Amino acid sequence: MTVGTWLALAGALVLALVVGAEARRAAGPVGRRFFRHPTAAPGLVVLAFFVTLALAAPVIAPYPWYLQLDPVHLANQPPSWRFPLGTDPLSRDVWSRLVFGARFSLGIGSLAMLVAVSVGAAVGAVAGYFRRWPDAVLMRLVDVGLAIPRIFVLLVIVALWDRVSLPVLVLLIGLTGWFGTSRLVRAEVLSLREREFVAAARALGARPGRVIFRHVLPNTTAPIIVSAALGIGSVMLLEAGLSYLGIGVPSPKPSWGNMIAEGQDRLASAPWTSLFPGLAISLVVMALNAVGDALRDALDPHKEVA
Amino acid sequence: MTAWIVRRLAASIAIVLAVVTLTFFLIHLAGGSPCGQSDAQSVAPEVCARLRAQFGLDRPLWEQYGKYLWAVLHGELGQSFWQRRPVIAALQDALPNTLLLAGTALVIDFTLGLALGVYQAARARRFGDIALGNAALFVNSMPTFWLGLVLLLVFAQWLHLVPVGGTHDPVLCSRLDSLQCVADRLWHLALPATTLGVVGAAATARFQRNAMLEVLAQDFVRTARAKGLRERRVLLVHALRNALLPSITLFGLAFPFLLTGAVLVEWVFAWPGMGWLSVMAIGQRDYPVVTATALVASAMVTLGNLLADALYVAADPRIRVRGA
Amino acid sequence: MPTRPPDRLIARLWVAGVLLLAALASCARRGACTGDYCGTVVIAAAGEPDILLPPVTELSPSRDVYDQVFLKLADLGMSGNTLGDEDFQPQLAERWEWAGPVTLVFHLDPRARWQDGRAVTAADVVFTYDAYTDSLVNSPHRSTLRLISAVTARDSLTAVFRFRERYPEMFYDAVYQMRILPAHLLRTIPRDQWRTAPFGRAPVGDGPYRFAAWKAGESLELVADSTFYLGRPHIRRVIFRFVPNLQVVTTQLVAGEADVTEQLGSPDNVKRACGAPQLACYPYKGAAYGYLGFNLTAPGDSTKPHPLFGDRELRRALAMAVDRGAMLRNVFGDFAKVPPGPLSQLTWIWDPETRGLPHDSAQAARLLTRLGWIDSDSDGVRDRAGQKLAFRILVPTTSAIRRQYGRLLQEQFRTFGADVQLDEVDLGLFSERARTGRFDAVLYTWNTDPTPASSIPQTWTQAGLGRSNHGRYVNAAFDRLVDRAVATMNRGEARRLWRSAIELLNQDAPAIFLFAPDAVAVAHRRIANVTVRPDSWLALLRTWRIPGDRLTDRDRAER
């Protein structure tokens, strides 16, 4: 690692801490409820750190992720000042790959979650607003969707279609994960549609679509946001699992999951290649879970905080 | 009560049939794709030929669907190209292993999770609660396969305390014919079941802690304490019984988690269950096996939900009184 | 509420439970084998067989298993000498004689029996030859039998081989490849269904071991035939345990869960295994070589040339671009050598002085540019007339070595502007895709025969097309040199001819020859008389023994 990259890393840490502090200071009543959770602030800092890593990867990472520095002499090196997390069997810097891997893992997590939440919110809103047969049909669809464990759907698709490109994979992960969100949104919409402002909008002759999008959905943001925060975590775990099995992000592109797989063969003698990516996933998902829990309690004042 | 059971059973069967339809749709979609060229988003050429042969794409769609449905209902799930025998035979070998693993993990999950949840509730907001809470959060956020690898590294490769994988010693215990073989199986089961169980227990503990705290805030608990009953009795006899109820819903949610986790954990430990079978079959582009395991997994999840719902209704007298 | 005596009851239950467990643990094992013919050997293997029907498969895990179940007419001796017939050991044939310059007569051992009781006859030999040369069976070994013109049965115990011409390794060709098959069991199976026949999953042979059970993906068990006429095998049970990769193989050996393995791959594994006190290491001349083979014809359509690799100059450029020495050191450390051609260290024509393409990255880059491959759109990948220099390498997931090489090659090619993706599939599918030509480039490993006269024509000449010549490399001049080298009676002249042939092949660059590993077999110390024949490491398994005083619990256990 060069001086520049150490500085960049320090910068990322400082930025994360600043984000945490600023958020705390600028918090309104919702924010204060959020920060009442002891794990909320650290979670936010961890997230900010990793997001910074992902965004500023070319600056922070000392080497490109694909570069095999010296396959003869620099393979399987333990952590040192030059390689803070060691090198993998192909003499690539684990820290650099971890940083770039944040891009892939976090990126896929966010994009897939975006797809899932959009579809889920739309379906939930339609089902909750129109009730009767659209509701029945859509909720039966949700039941079917929840019956198949997500990973099996993806396994079936990979078994049939030889190579699934990354964008399609992200889309599929998203399309298999909207069911929970739709139920939450539906519940919210069912209670919202009885409120006066909805009745008023309908009395004024607004079309159902407009009512849903302009009036109902904006008030369902609370469960959607919580769903999203927790959803990214589960998507990241799923993507890690798929990449570990070799059917997710294709090597040599680094994803925290396939890095774990690549270090497997030397686990006994050079465990750092597999240990650190797993640790990174655990930290990020833990932060997401903490933030998600805190958000859930902050955005829904009716729930008792134990 | 029986009317409710019949309705739920019918709904469950409908769900499984819908899943079968979905798999048919997927297979048919793949069979209609262009194949032969090895470029992105195309079906593997080996798979193509077999798909075409399986369905005879010249027949009308509903006829193909009918044939497929009939075959599935009769347990004819196709032929495995990799193993050169019927898929149902491969499943018969694999399913008991997955049930064993998932069952043991479920037991570990709930005993450990409930115990931890009760302990945390008893020590609410003190050091024990906070420390365990964070530890549970961390464990619940770990990829199960990574935890498996770490445990494998420490206990199998460094300490040689447990075997590196497999279900049994192929020499001594190819048949389960002595009690020593039972012990051998348990020894092989220890690490994979612990991996799955511990990650699930973390989630169960968090849930149970909150449920317990809710119950502990209620009036009847205050009454029990005022009567002078020992705290342990209040906790374990009075509060827990009522706090167990929400955990039954967790039981239903555990099935998808366990089956998903089983895929990865079975792969790490070379445990020849359904998940392992699925991943091996993918390496061979053996799609009948993969679709069959997806079907079985869905059936298991649906059954699990049904059981959980029935358990909940049986356990909660308030629901029964409502005349469901 | 009834009074509960909870604590005493619970305590009593605990005590009872502990006593029960103790009783269970001390249960005596049923059955106990003693003496010199016990012994169970667990072989840890990273690759699983596909089919156990000899003519149909070329996978070496399959060969390791079926060589215990089926016999050849005669087998190679430990010296590995393939010339003449003096150094061969009788197996199915108890003796033989030459009835003329091109006629060989085998007299079968009348004691030989198939495992279902029937006698082995010369009709089986004729049937076997017919099957190995049948185009419907399409055996990869067919080309090795091309110089035999006919096999006939003079009577039930006499088989006559007639050759097309006289050449040094006639006897070797007659006996080495063909495992004699039971005609009475296979005659009824249509030849084009041999690849999927149930016999391939449960073979019946005449060898020292009998097939017992096969759990796909887990284990395969063989049991000794106590009536085997050439001597009862000392090891009673042989269990192949299939394991995801070589690191797990090593861990199982060190932990005592497995006894034997063929080779360990990386230097790490060798250090761990050979350092374990209960294991003994047996180095032997490596019989394998690995290479990156180019497909010279279009994938899936062998009538058209490959859009990239049909161009000889492009292949040469790519061959000069990679640093084979560095990759070798990364994967093997000091335990392998870069082969001078399609040769393993066992092959007698191995000569480091053989001329090949040098590692010259500057020249490679110049050559690529001269051919018109330039990066016109600055995306890092060279292109020419709208076509990108992009291809896929087929790699089996079971070989950690080849997966490592795949990644190393990927990066090396990237620095030259070639975009390489890896196709990692399971061994069975890998083998099928290689066989049917559905790949751009493939990382293949061969276990060579003891003489180049059978392995090189099978893999690199016209005779190997549709069989083991997966890249479909054909060069008539090369074929002629090989034919002459095979036929020459003078050893020195043969060596010169082989060298010219290999040098010619190297200039054509149909493949980049990457590694020829040193081989180290590992066996538990309690196993005595471990002899490893370099060309087929388990060939002498039936002579290994575990002395009665070194038996462990595992050895004594009955099934």
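One can find the structure itself at the top, above this paragraph.
Residues numbered from 1 in each chain as written. Chains lettered and ligands numbered in written order. Predicted model: local features only at pLDDT ≥ 70, side-chain atom pairs only at ≥ 80, totals over all residues. Heavy atoms only, no water.

Student: Help me understand the sheet that holds strand 21 (residues 441-447) of chain C in this model?
Tutor: Hydrogen bonding along the main chain pairs the strands of a sheet, whether they run parallel or antiparallel. Read from one edge to the other, the open sheet built from 6 strands follows the order 16-22-13-21-19-20 (chain C), with strand pairing classed as mixed. Two strands in the sheet have a free side with no partner beyond their single neighbour: strand 16 (336-337) and strand 20 (419-425) of chain C. (Pairing = 2+ DSSP bridges. Helix = DSSP H or I, 4+ residues; strand = E, 2+ residues; numbered from the N terminus.)

Student: Could you clarify how one ought to interpret the environment of A:Ala125 in this entry?
Tutor: Residue and element names in this part refer to chain A. Looking at the secondary structure, you find Ala125 in helix 5 (residues 94-130). With a relative accessible area of 2%, Ala125 lands in the buried category. It is 37 Å that separates the C-alpha atoms of Ala125 and Val18, two residues lying 107 residues apart in sequence. Contact partners of Ala125, with chain neighbours within four places excluded, come to Val185, Val189, Ile212 and Leu217. (Buried < 20%, exposed > 50% of the residue type's maximum accessible area, 1.4 Å probe, protein only. Contact = heavy atoms within 4.5 Å.)

Student: How should I be thinking about the interface of chain A and chain B in this particular structure?
Tutor: For interface size, the figure often reported is the accessible area lost on association. Tallying the contact residues gives 44 residues for chain A and 55 residues for chain B. The three residues of chain A that bury the most area against chain B are A:Phe152, A:Leu160 and A:Trp161, which together make up 16% of that side's buried surface. In this structure, the connection of chain A to chain B is made through 1 salt bridge. Ionic pairing is found between A:Asp293 and B:Arg206, a salt bridge with its closest N-O pair at 2.2 Å. Remark: the boundary between chain A and chain B carries 5 residue pairs in polar contact (both at pLDDT 80 or more). Put simply, the parts of the chain that give the side of chain A that touches chain B at least two residues each are helix 6 (132-147), helix 7 (150-160), helix 12 (221-245) and helix 14 (272-299) of chain A. Looking at which element gives the most residues to the side of chain A that touches chain B, the answer is helix 14 of chain A, with 11 residues. (Buried area = accessible area lost by both parts, 1.4 Å probe. Salt bridge = Lys/Arg side-chain N within 4 Å of Asp/Glu carboxyl O. Polar contact = N/O pair within 3.5 Å; in protein donor to acceptor, adjacent residues only side chain to side chain.)

Student: Just checking my understanding: could you explain the pattern of salt bridges for this structure?
Tutor: Close approach of charged atoms lets side chains of opposite charge pair. Tallied over the entire structure, the rule returns 44 salt bridges over all chains. A:Asp143 serves as the salt-bridge partner of A:Arg140, at 3.0 Å between the closest nitrogen and oxygen. Placement of both A:Arg140 and A:Asp143 in helix 6 is noted, with a separation of 3 residues, approximately one turn of the helix. Given the relative accessible area of 18%, A:Asp143 is considered buried. Between C:Glu257 and C:Arg241 there is a salt bridge whose closest N-O contact spans 3.9 Å. Taken together, the positions of C:Glu257 in the loop between helix 6 (246-255) and strand 11 (260-261) and C:Arg241 in strand 10 (residues 237-242) put the pair 16 residues apart, joining distant regions of the chain.

Student: Whenever I open this one, the side chain of C:Arg241 confuses me. Can you help?
Tutor: Under the relative-accessibility criterion, C:Arg241 is labelled buried at 7%. Not counting residues up to four positions away in its chain, the partners in contact with C:Arg241 are B:Gly165, B:Gly166, B:His168, B:Pro170, B:His188, C:Val42, C:Ile43, C:Ala44, C:Ala45, C:Glu218, C:Gln252 and C:Glu257.

Student: Help me out: how do you make sense of a nonpolar patch on the surface in this one?
Tutor: All names here are of chain B. A surface patch of nonpolar side chains, amounting to about 370 Å² of accessible area, comprises Leu9, Ile13, Leu17 and Leu73. Counting residues per element, the nonpolar patch draws most heavily on helix 1 (residues 2-31), at 3 residues. Positionally, Leu73 belongs in helix 3 (residues 61-73). Judged by relative accessible area, which is 59%, Leu73 ranks as exposed. (Patch = residues over 30% accessible without salt bridge, like charges linked within 9 Å, V, L, I, M, F, W, Y side chains within 5 Å. Areas by Shrake-Rupley, 256 points an atom, 1.4 Å probe, with all protein chains shown as cover.)

Student: What is the right way to look at the sheet that holds strand 5 (residues 103-108) of chain C in this model?
Tutor: All names here are of chain C. Spatial ordering of the open sheet is given by 4-5-7-6, a layout of 4 strands whose pairing is antiparallel. Taken across any chain shown, the strands that pair with only one partner, and hence form the sheet edges, are strand 4 (93-100) and strand 6 (148-155). Geometrically, the sheet is characterised by an average inter-axis angle of 20° between neighbouring strands, direction not taken into account. Judged from the 6 bridges that link them, strand 6 and strand 7 (residues 158-163) form a sheet pairing that is antiparallel. When the bridges of strand 7 are listed, Ala153 appears paired with Ala159. (Axes fitted to C-alpha atoms, helices over the stretch in contact; angles between N-to-C directions.)

Student: Even after reading the chapter, I still don't get the environment of C:Leu465, so can you show me in this structure?
Tutor: All names here are of chain C. Note that Leu465 resides in the loop between helix 13 (452-460) and helix 14 (476-487). Sequence separation between Leu465 and Gly428 is 37 residues, and the spatial gap between their C-alpha atoms is 20 Å. Discounting chain neighbours no more than four positions away, the residues touching Leu465 are Arg472 and Val474.

Student: Hey, could you run me through the nonpolar core in this one?
Tutor: It is characteristic of soluble globular proteins that their nonpolar side chains tend to be buried jointly. Formed by 164 residues in total, the largest nonpolar core has its most connected members in A:Phe152, A:Leu160, A:Tyr244 and A:Trp256. Top element by residues in this core is helix 5 of chain A. It accounts for 14 residues. If we skip the residues at most four places from it in the chain, A:Phe152 touches B:Leu259, B:Val263, B:Ser278, B:Thr293, B:Ala294 and B:Ala297. Judged by nonpolar contacts, the second largest core, of 160 residues, contains C:Tyr66, C:Leu147, C:Ile148 and C:Leu408. (Core = buried A, V, L, I, M, F, W, Y, C linked by side-chain atoms within 4.5 Å.)

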